[in-house]
Amino acid sequence: MTALFGEYRHKVDAKGRLTLPSPFRKALTEETQLVVVPSTKNEFLSVYTAEGFETWVDALFEKRGGFNPSDRMHVLARTKLNASAVSSSMDSVGRINLASKQRELAGLDKDVVLIGNTDHFEIWDAKRWDEFQSSIDLDALLFS
């Protein structure tokens, strides 16, 4: 997938469909299998390609020496991650469907913000995103 960047404000319709911004639609095809997963604290949803999701999960375990199928904690963590993930794809008009359970977990109602985050994109409730943005001091993060 082409790198994704930017901030885009959109609306989720009554059926849970979300139209993707043009740069995201250009980076994906209808055949691209997507995986939607809530953030670990259910603050937003992350959308990966299937391969990108596997890479992300693998990277989480790399910090612990790689996935060890005989380690109960590894197995439980992987099971929890996979159980919370939902497969999706983009339809012919550039929309994805968001599962109602995931929308509830992330507090997504109507107004959302899509954030390109290089290898995936995030879907935030618009008010939560604005609060998050105003709480971050980029200079402090980069130069302290």
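Computed from a prediction, not measured in an experiment: that's the story for all the values here. (Residues numbered from 1 in each chain as written. Predicted model: local features only at pLDDT ≥ 70, side-chain atom pairs only at ≥ 80, totals over all residues. Heavy atoms only, no water.)

A. The overall build of the protein, seen in detail. Regarding its fold elements, the protein presents 6 helices and 8 strands. Mapped from its N terminus to its C terminus, the protein presents α and β elements in the order β-β-α-β-β-α-α-β-β-α-β-β-α-α. Here the C-alpha atoms of the protein give a radius of gyration of 16 Å, agreeing with the 15 Å that 2.2 N^0.38 yields for 144 residues. The C-alpha extent of the protein, read off along each of the three principal axes, is 45 × 45 × 30 Å. Buried residues in the protein amount to 37% of all 144 residues. If you take every contact in the protein between residues at least 6 apart in sequence, the share linking residues at least 24 apart comes to 61%. Carbon and sulfur atoms make up 51% of the accessible area of the protein, which totals about 8900 Å². The positive charge centre, built from 18 side chains, and the negative charge centre, built from 21, are 6 Å apart in the protein. (Helix = DSSP H or I, 4+ residues; strand = E, 2+ residues; numbered from the N terminus. Rg over C-alpha atoms; globule rule 2.2 N^0.38 Å. Buried < 20%, exposed > 50% of the residue type's maximum accessible area, 1.4 Å probe, protein only. Contact = heavy atoms within 4.5 Å. Areas by Shrake-Rupley, 256 points an atom, 1.4 Å probe, with all protein chains shown as cover. Lys, Arg positive; Asp, Glu negative; His and termini not counted. Charge placed at Lys NZ, Arg CZ, Asp CG, Glu CD.)

B. Broad picture of the environment of R78. Looking at where R78 falls in the secondary structure, it is placed in helix α3 (residues 72-84). Relative accessible area serves as the criterion here: at 33%, R78 is assigned to the partly exposed category. In this structure, the C-alpha to C-alpha distance between R78 and L60, residues 18 residues apart in sequence, is 9.6 Å. In contact with R78, not counting residues within four places along its chain, are F61 and F67.

C. Spotlight on the packing of aromatic side chains. In the structure shown here, the tally under the stated rule is 10 aromatic pairs. Both rings, one in Y8 and one in F24, keep their centres 5.3 Å apart while their planes meet at 75°; by these two values the pair is edge-to-face. Within this pair, whereas Y8 is found in strand β1 (residues 7-11), its partner F24 is found in helix α1 (residues 22-27), the two being separated by 16 residues in sequence. Residue classification places Y8 among the partly exposed residues on the basis of a relative accessible area of 23%. In this structure F24 comes out as buried when scored by relative accessible area, which is 1%. Geometrically, the ring pair formed by Y48 and W56 is stacked, given 5.4 Å between the ring centres and 25° between the ring planes. What makes Y48 buried here is its relative accessible area of 3%. (Phe/Tyr/Trp six-rings, centres within 6.5 Å; stacked < 30°, edge-to-face > 60°.)

Worth remembering: the numbers are spatial, not functional.
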